[in-house]
Amino acid sequence: DRNDEDSNDLETAKNIYKKVLSEDRYFMPVYSLMYQLYMSQNDIETATRTLQKALNMQPENLDLRLLLAIHYIEQDRTDKASLAEDQLVKLLSIAPGYAPAVTTFAYLLYQKSHPEKALTKLDQLLKNEPDHPYGNTLRTLIHNAVSRVIDRFDFKHRPSSEDVKNGWKESERSGPTIRLVS
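Calculation criteria
Residues numbered from 1 in each chain as written. Predicted model: local features only at pLDDT ≥ 70, side-chain atom pairs only at ≥ 80, totals over all residues. Heavy atoms only, no water. Helix = DSSP H or I, 4+ residues; strand = E, 2+ residues; numbered from the N terminus. Buried < 20%, exposed > 50% of the residue type's maximum accessible area, 1.4 Å probe, protein only. Areas by Shrake-Rupley, 256 points an atom, 1.4 Å probe, with all protein chains shown as cover. Core = buried A, V, L, I, M, F, W, Y, C linked by side-chain atoms within 4.5 Å. Salt bridge = Lys/Arg side-chain N within 4 Å of Asp/Glu carboxyl O. Lys, Arg positive; Asp, Glu negative; His and termini not counted. Contact = heavy atoms within 4.5 Å.

A. Region of the structure containing the overall build of the protein chain. Along its length, the protein chain carries nine helices and two strands. Counting helices and strands in the order they occur from the N terminus, the protein chain gives α-α-α-α-α-α-α-α-β-α-β. Looking at the 182 residues of the protein chain, the share that counts as buried comes to 38%. Only carbon and sulfur atoms are counted for the fraction: they give 49% of the accessible area of the protein chain, which is about 11,300 Å².

Set out below in structure tokens:
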């Protein structure tokens, strides 16, 4: 049966990973592999503990910290979003220009309905790394999201996309009080 073979393969892999770690518990790539193995078995708690254990031994490991942040984001729970943000803040304090962390942080901010903060993060990234392949794509998505929000409001003076890009604030608007248009 194919399921039995897959189960045996996963068990064999787990045993190999554990053997490698018994010989060198600081061999960090194995923690990522074990994380993936536990996730394939839908063992979220053990997967989380695996990454946390590795980061306790090597807190400056950028890849594992990013993986833990993404892990929290993918759980799509409000309580985990703040844990993801904590991981990304720590990661960016270690490596401020680490592009995968910046784009992941921007994505998280966008998910949390903060497109203006996400755009700021991406602007910082693109100033430091103008040719980043994902930065422009994410920036376009965020600009579109900001435009959709603005389109829901009735303004005497509707801000341009350039105004929004430059940090336009409600207090800078002219005209009557903003009201939602259904």
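That was the structure; now back to the text.
B. Representation of the nonpolar core. Membership of the largest hydrophobic core comes to 39 residues, with the highest contact counts inside it found for Y31, L64, L88, A101 and L108. Residue assignment for this core shows that the elements contributing at least two residues are α1 (2-23), α2 (29-40), α3 (44-57), α4 (62-74), α5 (78-94), α6 (99-111) and α7 (115-128).

C. Highlighting unusual backbone geometry. Positive phi is not limited to glycine here, since N42 has a value of about 60°. Tracing the backbone through its elements, the reader meets N42 in the loop between α2 and α3. Note on N42: relative accessible area 61%, which makes it exposed.

D. Here's a closer look at the side chain of Q75. Along the polypeptide, Q75 turns up in the loop between α4 and α5. Its relative accessible area of 18% is what places Q75 among the buried residues.

E. Main features of the pattern of salt bridges. The full count for this structure, using the stated rule, is three salt bridges. The closest approach of N and O atoms between K14 and E11, which form a salt bridge, is 3.9 Å. Of this pair, K14 and E11 both sit in helix α1, three residues apart, roughly one helical turn. Notably, a salt bridge pairs E85 with K112, separated by 2.5 Å at the nearest N-O pair. Of this pair, E85 sits in helix α5 while K112 sits in the loop between α6 and α7; the two residues are 27 residues apart in sequence, bridging distant segments of the chain. Take E85: its relative accessible area is 24%, and that puts it in the partly exposed class. Of the residues examined, K112 reaches a relative accessible area of 32% and is grouped as partly exposed.

F. Local environment of the side chain of R65. Tracing the chain through its elements places R65 in helix α4. In this structure, R65 is buried with no salt-bridge partner, the nearest side chain bearing the opposite charge being E60 at 7.2 Å. For R65, the contacting residues outside a window of four places in its chain are L55, P59, Q87, K90, L91 and I94.

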